[in-house]
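For reference, the chains in residue letters:
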Amino acid sequence: MPIPGALPDLLGRTSETSGEEVLYRFANGLSIKTEVWNKGARDRILPLGSPQGSLMNHMLHFPEVVRGKEVFEPFAGSGPLGFMALKLGARHVDFLDVNPRASDFQRENGERNQFPPSSFRSIEADIASFQPERRYELILANPPFVPTPEGIEGTLTSNGGPEGNRFVEILLWRLEELLEPHGEALILAFQFVRRQQPLLVDLISSLVVRRPVELTPSQKHPIGFEADCRAYTQLFPEAREEIARWR
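Residues numbered from 1 in each chain as written. Predicted model: local features only at pLDDT ≥ 70, side-chain atom pairs only at ≥ 80, totals over all residues. Heavy atoms only, no water.

### Observations regarding the pairing of strand S5 (residues 92–97)
Stated precisely, the cut-off is as follows: Working definition: with a 1.4 Å probe on protein chains only, accessible area under 20% of the residue-type maximum means buried, over 50% means exposed, and in between means partly exposed. A helix here means a DSSP run of H or I that spans at least four residues, while a strand means a run of E at least two residues long, and both kinds are numbered starting from the N terminus. Note: two strands are recorded as paired if DSSP finds a minimum of 2 bridges between them. By convention, a crossover is right-handed whenever its connection, traced from the first strand over the helix to the second and viewed with the strands pointing away, goes clockwise.
The buried fraction of S5 is high, at six of six residues. Burial along S5 is two-sided: the face carrying His 92, Asp 94 and Leu 96 and the face carrying Val 93, Phe 95 and Asp 97 are both buried. In the sheet, strand S4 (residues 70–73) pairs with S5 via four bridges, with the strands oriented parallel. Counted as the bridge partner of Glu 73 is Phe 95 from S5. The parallel pair S4 and S5 is bridged by helix H2 (residues 80–87), and the resulting crossover is right-handed.

What follows is the structure in structure tokens.
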């Protein structure tokens, strides 16, 4: 059942799987290659899920948000957000990812969609130490946000720290360095809720003091914390002590 007030789906997304690769096609002609969910590698390239889909669908409904903008996509992976922005008229996109394999996927996806090489740049770096050459007008981000107990390694594309906000916090901390005064950031993050508010609220209150912030829920039914505990215990039975401490 759709969320009341949710935007209609304009993505028209289809997918084809071949071995460990997935090719997504969208109604507006964009196509993006990624890898399958269950690829057992720390440096895997994530397939597209509902977080990326939500941001891409938002852009399709409001193309003026990206049109003519200098865009930055950190944690880019295969680059779906930035390439959708280019498809909708962004002037230029910088992709950033700590995973060295991400650049290859970005270059291939750029060629696949016939974007001029000058319209985007692939940067291999950590968000904490990345030094931008300029500030951006728009940031599109889906940071690694899977809450991961200390002692469980996770993957480059999923481990968001014990509360899931490790990389969101770094991004918010660096926001003024990365974003033009008139710029905007669209960030989608899974959140634990405590005392009826997302944990992210405390970070925003302390780190984002000069900009208006709007929080928009995108999930109709919350998932109970105990479900996460059970899932981790099933996935990592050798880490029961670590999971117990996290709980």
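### Some details on helix H3 (residues 102–112)
Put simply, the rule reads: In this description, one arc is meant: the one made by directions from the helix axis to the C-beta atoms. Throughout, a residue-residue contact means that at least one pair of heavy atoms, one from each residue, lies within 4.5 Å.
For H3, the complete set of buried residues consists of Ala 102, Ser 103, Phe 105, Gln 106, Asn 109 and Gly 110. The arc that holds the buried residues of H3, viewed along the axis, is 160°, so those residues lie on one side. Buried residues belonging to H3 abut strand S3 (31–35), H2, S5 and strand S6 (120–124). Trailing H3 by a residue or two, Gln 114 shows a phi angle of about 60°, which is positive.

### What to know about the sheet that holds strand S1 (residues 14–18)
Whenever strands of a sheet pair, they do so through backbone hydrogen bonds, lying parallel or antiparallel. Applicable threshold: In this analysis, axes come from line fits to C-alpha atoms, helices being fitted only over the stretch in contact, and the angle between any two N-to-C directions falls in the range 0 to 180 degrees.
Strand order in the open sheet formed by three strands is S1-S2-S3, and the pairing between neighbours is antiparallel. Each edge of the open sheet is held by one strand with a lone partner, namely S1 and S3. Geometrically, the sheet is characterised by an average inter-axis angle of 20° between neighbouring strands, direction not taken into account. In the sheet, S1 pairs with strand S2 (residues 21–25) via five bridges, with the strands oriented antiparallel. Along S2, the bridge assignment pairs Ser 18 with Glu 21. Running at roughly 155° to S3, H3 makes contact with S2 and S3 of the sheet.

### Focus: the sheet that holds S5
One open sheet holds the five strands; their spatial order is S6-S5-S4-S7-S8, and the pairing between them is parallel. The sheet is open, and its two borders are formed by S6 and strand S8 (179–187), each paired with just one other strand. The sheet shows a mean angle of 20° between the axes of neighbouring strands, direction not considered. Inspection of the sheet shows strand S7 (residues 136–141) paired to S8 by five bridges, in the parallel sense. Note on S8: the bridge partner recorded for Ile 139 is Ala 185.

### Quick look at the pattern of salt bridges
Our working rule: Here, a salt bridge means any side-chain nitrogen of Lys or Arg that lies within 4 Å of a carboxyl oxygen of Asp or Glu.
Throughout the structure, instances matching the rule amount to 18 salt bridges. Between Lys 33 and Glu 108 there is a salt bridge, and its shortest N-O distance comes to 2.8 Å. Linking Lys 33 in strand S3 with Glu 108 in helix H3, this pair joins segments that are 75 residues apart in sequence. Owing to a relative accessible area of 9%, Lys 33 belongs among the buried residues under this scheme. Members of the salt-bridge network, linked through shared partners, are Glu 70, Arg 91, Asp 94, Arg 121, Glu 133, Arg 134 and Glu 137.

### What to know about the side chain of Ser 78
Inspection of the secondary structure assignment puts Ser 78 in the loop between S4 and H2. In this structure Ser 78 touches Ile 32, Lys 33, Thr 34, Ile 45, Leu 48, Phe 83, Phe 105, Gln 106 and Asn 109, once residues within four positions along its chain are discounted.

### Notes on the packing of aromatic side chains
Note the cut-off: Pairing of aromatic side chains here covers Phe, Tyr and the six-membered ring of Trp, requires ring centres within 6.5 Å, and sorts the geometry by plane angle: under 30 degrees stacked, over 60 edge-to-face, intermediate tilted.
Counted according to the given criterion, the structure contains 13 aromatic pairs. Residues Phe 83 and Phe 95 carry aromatic rings whose centres are separated by 4.7 Å and whose planes lie at 45° to one another, so their mutual orientation is tilted. With a gap of 12 residues between them, Phe 83 in helix H2 and Phe 95 in strand S5 connect regions that are remote in the sequence. The buried category is assigned to Phe 83, whose relative accessible area is 0%. Since its relative accessible area comes to 0%, Phe 95 is described here as buried.

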